[in-house]
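Each chain is listed here by its residues.
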Amino acid sequence: MPTSEARTAVVTVNYRSEAVLPEFFASLPAASTHPLAVVVADNAASDEARAMTQERGATYLRLPDNRGYGGAINAAVAQLPAAIEYVVIANSDISFAPGSIERLVETADATPDAGAVGPLIRNVDGTVYPSARRVPSLRTGVGHALFANLWLTNPWTRAYRLENEAEPHRRDAGWLSGACVLVRREVFERLGGFDQGYFMYFEDVDLGYRFGEAGARNIYEPSAEVTHIGGHSTASVSELMLQAHHDSARRFLSKKYSGALMWPIRFGLNIGLSVRARITRRRVRRGA
C-alpha cells in the first residue's frame, strides 16, 4: 500500500477486531487513486493484528493500554508525517466503496472551511445509517432520550437524526459519525483531537460540536459511500456498553449546558437519560 508523498491518512483502532481487518484493508486500494498512509492503533496488543497490518505495508501502533476509541485515534494522528493534511478516521469494520476516500478529499479541497466530511454509511442490509445529525439540543436531546426506544417515529428523534430530509444530498450537519469521517488535520489538532474523557460513545458528537463552535463546517457527502460490515443494527449490546453510552451522553450535555444557571436543564436531561437507560436495560435483559 503506497504511502510516499501521501497527503491523506487512514487511521483505525483494533480491539479484538482481527476478523474484520482483512476486509477493511482489502477495500482501501480502490478507495483512492492517490497514496494513502494507513495506521492501525491497537488497544488490545494483538500479535495477529500486528502481523496483518505489517503484511499490508501499513503502520502498526501498539498502545500500552486501552485508551478507548478517541484516545487511540489521537495517538495515531500524533505520529503521522507532517505532510498529511487529511485524516480518514474509521472503525475497523468499515468497508470503503471504490473512490469513496477520493470523493471525501475532493469535497474537503473544494470547501476550505470544512473541518470534517462524512460519507453515506450503509448497514450490511443496504439500509442507510443516519450518520449526519444535529447536535443534541434541549428539545431534541430530551425527546430522543425519552422516546427513541418507545416511539420509533417520534418527531424529536427524526429531527435529531435529520430523517425529515428527502433524499441523501450534500449538506451541513451538527456532527458526523466517527465510524467513518474525514477530518482536516490542522483543525483536528488545533482543537486537541478527540476529548479522551469519552472512553466510548459521544466523542464524535463532541468533536463535531467543537468544530462548529470554532467555525469549521461538518459536511455530509453522500456521493462517497462506505459499509459498516459490523452492522449498526445487529451488533450485540451489553449493559456495560449501555451504561457507557448514557454516561457519555450525560457528559456531553453537561458540558454543552454548563454553568450555574443551567442546572435545571442538566437536571431534566439527566432524568431523561436515566429513564431511557432503565428502559433499554430491561429490553436487553429480556432479550438475553
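These notes cover the structure that comes with them. Keep in mind it's a predicted model, so treat the numbers as computed, not measured.

1. Considerations on the overall build of the protein chain
Looking only at helices and strands, the protein chain features ten helices and twelve strands. Scored against the burial criterion, the 288 residues of the protein chain give a buried share of 50%. Once local pairs closer than 6 in sequence are excluded, the contacts in the protein chain between residues at least 24 apart make up 78%. For the protein chain, the exposed surface amounts to about 13,100 Å²; the carbon and sulfur share of it is 55%.

2. A closer look at the nonpolar core
Counting 33 residues, the largest nonpolar core has Val 11, Ile 73, Ile 89, Val 183 and Phe 188 as the members making the most contacts within it. Those elements that place two or more of their residues in this core are β1 (8–14), β2 (36–42), α3 (68–78), β4 (86–90), β6 (114–123), β11 (180–184), α7 (185–190) and α8 (203–213). Here this core gets six residues from one element, more than from any other, and that element is α3. With 32 residues, the next largest nonpolar core counts Leu 21, Phe 25, Ala 49 and Ile 94 among its residues.

3. What about the side chain of Asp 204?
Tracing the chain through its elements places Asp 204 in helix α8. The buried charged residue Asp 204 lacks any salt bridge, with Arg 133 as its nearest oppositely charged partner at 8.2 Å. When neighbours within four sequence positions are excluded, Asp 204 is seen to be in contact with Trp 175, Leu 176, Ser 177, Gly 178 and Phe 194.

4. Focus: the pattern of salt bridges
Taken as a whole, this structure holds 15 salt bridges when the rule is applied. Residue Glu 55 pairs with Arg 56 through a salt bridge whose shortest N-O separation is 3.8 Å. Under the relative-accessibility criterion, Glu 55 is labelled exposed at 64%. Between Glu 221 and Arg 170 there is a salt bridge; the shortest N-O distance is 2.6 Å. Taken as a pair, Glu 221 in strand β12 (residues 217–228) and Arg 170 in the loop between α6 (155–160) and β9 (171–173) lie far apart in primary sequence, 51 residues in all.

5. Notes on the environment of Ser 46
Tracing the sequence through the fold places Ser 46 in the loop between β2 and α2 (47–55). For Ser 46, a relative accessible area of 11% gives the class buried. The spacing of Ser 46 and Arg 16 is 30 residues in sequence and 7.5 Å in space, taken between C-alpha atoms. Sequence-distant contacts of Ser 46, that is, excluding residues within four places in its chain, are made with Asn 14, Glu 18 and Tyr 60. Within the structure, the side chain of Ser 46 is placed 3.0 Å from the backbone nitrogen of Ala 49, a separation counted as a polar contact.

6. A short note on the packing of aromatic side chains
Enumeration according to the criterion identifies four aromatic pairs in this entry. Measuring from centroid to centroid gives 6.3 Å for Tyr 69 and Phe 194, while their planes differ by 50°, and the two rings are tilted. With a gap of 125 residues between them, Tyr 69 in helix α3 and Phe 194 in the loop between α7 and α8 connect regions that are remote in the sequence. Comparing Tyr 69 with Phe 194 shows no difference in burial state: the two are buried. Plain terms: the ring middles of Phe 188 and Phe 194 are 5.6 Å apart, the flat faces sit at 85° to each other, and that makes the pair edge-to-face. Like Phe 194, Phe 188 is buried.

7. Let's talk about the pairing of β11
Of all five residues in β11, five are buried; the element is thus mostly enclosed. The alternating pattern of β11 places Cys 180, Leu 182 and Arg 184 and Val 181 and Val 183 on opposite faces, both of which are buried. Direction of pairing for β6 relative to β11: antiparallel, over a ladder of two bridges. Counted as the bridge partner of Ala 116 is Val 183 from β11.

How each quantity is defined
Residues numbered from 1 in each chain as written. Predicted model: local features only at pLDDT ≥ 70, side-chain atom pairs only at ≥ 80, totals over all residues. Heavy atoms only, no water. Helix = DSSP H or I, 4+ residues; strand = E, 2+ residues; numbered from the N terminus. Buried < 20%, exposed > 50% of the residue type's maximum accessible area, 1.4 Å probe, protein only. Contact = heavy atoms within 4.5 Å. Areas by Shrake-Rupley, 256 points an atom, 1.4 Å probe, with all protein chains shown as cover. Core = buried A, V, L, I, M, F, W, Y, C linked by side-chain atoms within 4.5 Å. Lys, Arg positive; Asp, Glu negative; His and termini not counted. Salt bridge = Lys/Arg side-chain N within 4 Å of Asp/Glu carboxyl O. Polar contact = N/O pair within 3.5 Å; in protein donor to acceptor, adjacent residues only side chain to side chain. Phe/Tyr/Trp six-rings, centres within 6.5 Å; stacked < 30°, edge-to-face > 60°. Pairing = 2+ DSSP bridges.

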